[in-house]
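What the coordinates show
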Amino acid sequence: MTEDLHEHYRLLLGLVPPWAVVSVDLNVAAKRVDINVEWPANHQVECPVCQKNCFIKDHREERKWRHLDTMQFQTIIKSRVPRADCSEHGAKTVNVPWAGPNSRFTLLFERLAVDVMIAAKSIKEAARLLGLSWDQVHHIQERAVERGLARREMDKVKRVGIDEKSFLKGHKYASLMVDIDGERVLDVVQERTLEAANQLWQKFPEEVRGGIDAVAMDMWDAFITSAKTHVPQADIVHDKFHISKYLNEAVDKVRRAEHKTFMKKGDETLKGAKYLFLKSPENMKDDEKGRFKALRMDILKTGRAWSIKETFSEFWLYSYKASAEKFFQRWYWWATHSRLKPMIDVAKLIKRHLDNILTYLKHQITNAMMEGFNSKIQSIKANARGYRNFRNYRVAILFNCGKLALYP
Ligand SMILES: [Zn+2]
């Protein structure tokens, strides 16, 4: 009878002989099952380094592994693991089939924990569901990411995006690299400096960097310089989204100044109009369209700034470089003769970087995908407790946005 029970547990754990269940202690009051597992003393073991069969040197002290619960009973595997006496490698603790090296959990339990973490969206919640501490769950997450990074394939990475993002209430910055076609975060480092960008590139082996065709980024010297050094063959593409952002900011500067002048005369024409000028007419609601039409755009400075911004969007529609350049020259003349300083500044900024903006026509890539990751990362932050530590934050980002193979 007991023999049958032991055999039953051996099969449940997926143990292959000569690993055997030698006893099962059921504690009903504590709702806990302890399963004692042994490797027979007279049986040779495999050296974990060279896989050679060796005699047993001795046994480690008893260790415990948390396994999947059995009928709401916490299930613990206990064993004194033998050490191989390898002539070449010395005394080495043998690998156990139910758990990874240095883990306190069985493989099946870690697999469940990964699923729970994905579903729970926060370590705190996963810890509650699994009956573990925050640190324990975090370590399982860390191991899952390590496994995923070791298995990750990078040979198809051709087009990447690099961008900065603020982390922890905007006081600190991080630089993020994404695989645009693979729609995944490749890595993240602290700060947004040249040094940080260099670090980011150096995370990838030379042959991966050598395969990259294009990098989408903001018009940022640190990122530009770093890309020129580490991926000299790749085109730099200053993307649409950042340029639209600069144009919108310029329009807003014009609006703010004009609004201030109006308010001095008691004129409320531009009051609360900020969002109107950030939108394109096709995205406006009916009442917004009505208000926008009533604005006498032709005599407002903000109206002129807005037209300059809106007209620039045609640039992205060109297929031929020469036509786009011609368009740009006309637009540039108009913007720089607008007598609106913010528009002149942004036009000059774009002109300085025009070569790396024209590359968009060839690659058509943007960092738009970053926005999706941003909201995901935002929710990681919102749930964060232990993410004051950047390392933990990186692990959580790669776990949630890295498309890694996380299971043991
Ligand atoms: Zn060996």
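Structure's up top.
Notes on the structure follow. Worth saying up front: this structure is predicted, and the values here are computed from it rather than measured.

Cut-offs applied
Residues numbered from 1 in each chain as written. Predicted model: local features only at pLDDT ≥ 70, side-chain atom pairs only at ≥ 80, totals over all residues. Heavy atoms only, no water. Helix = DSSP H or I, 4+ residues; strand = E, 2+ residues; numbered from the N terminus. Rg over C-alpha atoms; globule rule 2.2 N^0.38 Å. Buried < 20%, exposed > 50% of the residue type's maximum accessible area, 1.4 Å probe, protein only. Contact = heavy atoms within 4.5 Å. Phe/Tyr/Trp six-rings, centres within 6.5 Å; stacked < 30°, edge-to-face > 60°. Lys NZ or Arg CZ within 6 Å of the ring centre and 35° of its normal. Core = buried A, V, L, I, M, F, W, Y, C linked by side-chain atoms within 4.5 Å. Donors = N, O, S within 2.8 Å, 3.2 Å for Na, K, Ca; no water. Tetrahedral: all angles 85-135°; square planar, octahedral: opposite > 155°, others 65-115°. Pairing = 2+ DSSP bridges. Axes fitted to C-alpha atoms, helices over the stretch in contact; angles between N-to-C directions.

Here we come to the overall build of the protein chain. Summing up its helical and strand segments, the protein chain has 16 helices and 14 strands in all. For 408 residues, the compact-globule formula gives about 22 Å, and the C-alpha radius of gyration of the protein chain, at 30 Å, lies well above that figure. Each principal axis of the C-alpha atoms in the protein chain carries an extent, and together these give about 95 × 50 × 30 Å. Out of the 408 residues belonging to the protein chain, those deemed buried represent 47%. In the protein chain, of all internal contacts separated by at least 6 residues, the share reaching a separation of at least 24 is 57%.

Inspection of the secondary structure assignment puts Asn198 in helix α5 (residues 194-202). Residues contacting Asn198, with those up to four places away along its chain left out, are Ser226 and His230.

With that out of the way, let us pick up the packing of aromatic side chains. Applying the stated criterion across every chain, the model contains 15 aromatic pairs. Of the aromatic side chains, those joined through ring pairs into one cluster are Phe312, Phe315, Trp316, Phe328, Trp331, Tyr332 and Tyr360. The ring of Tyr173 carries Arg192 above its face, with NZ or CZ at 3.5 Å from the centroid.

Here the focus is the nonpolar core. Counting 81 residues, the largest nonpolar core has Phe277, Phe312, Phe315, Trp331, Met343 and Ile350 as its most contacted members. The element contributing the most residues to this core is helix α16 (residues 390-401), with eight residues. Filtering out sequence-adjacent residues up to four positions away, Phe277 remains in contact with Asn248, Val251, Arg255, Leu270, Phe292, Leu295, Met297, Thr302, Gly303, Trp306 and Lys309. In this structure, Cys47, Val81, Trp98 and Ala99 belong to the second largest nonpolar core, which totals 24 residues.

With distances of 2.1 to 2.3 Å, the protein atoms coordinating the zinc ion are Cys47 (SG), Cys50 (SG), Cys86 (SG) and His89 (ND1). For the zinc ion, the four donor atoms in the first shell make angles of 103 to 116° at the metal, so the coordination geometry reads as tetrahedral. Look at where the donors of the zinc ion fall in the sequence and you get C-x2-C-x35-C-x2-H. Placement of the pair is Cys50 in the loop between β3 (45-46) and β4 (53-54) and Cys86 in strand β8 (residues 82-86), with a sequence separation of 36 residues. For Cys86, a relative accessible area of 3% puts it in the buried group.

Here the focus is the sheet that holds strand β9 (residues 90-93). Here three strands make up an open sheet; going across it, the order is β5-β8-β9 and the pairing antiparallel. Only two strands of the sheet have a single partner each, and these edge strands are β5 (56-59) and β9. Between one strand axis and the next, the sheet turns by 30° as a mean value, whatever way the strands run. Bridge count for β5 against β8 is three bridges, and the pairing is antiparallel.

A few words on the sheet that holds strand β12 (residues 184-190). In sheet architecture, strand pairing relies on hydrogen bonds along the backbone and comes in two forms, parallel and antiparallel. Spatially, five strands are ordered β12-β11-β10-β13-β14 in an open sheet, and the strand pairing comes out mixed. The two strands at the open ends of the sheet, each matched to only one other strand, are β12 and β14 (235-238). Geometrically, the sheet is characterised by an average inter-axis angle of 25° between neighbouring strands, direction not taken into account. Where strand β11 (residues 172-179) lies against β12, six bridges are found, and the strand directions are antiparallel. Bridging from a neighbouring strand, Ala174 pairs with Gln190 of β12. Packed on one face of the sheet, helix α14 (residues 354-363) meets β10 (159-167), β13 (214-217) and β14 and runs near 100° to β14.

Attention now moves to unusual backbone geometry. Pro17 connects to Pro18 through a cis peptide bond whose omega is 10°. For Pro18, the position within the fold is in the loop between α1 (2-13) and β1 (20-27). If you check the backbone angles, Lys31 has positive phi at about 50° while not being a glycine. Tracing the sequence through the fold places Lys31 in the loop between β1 and β2 (32-38). A positive phi angle is found at Glu191, which is not glycine, with a value near 75°. Looking at Glu191, the relative accessible area reads 40%, which means it is partly exposed.

Any link to function would need more than the numbers given here.
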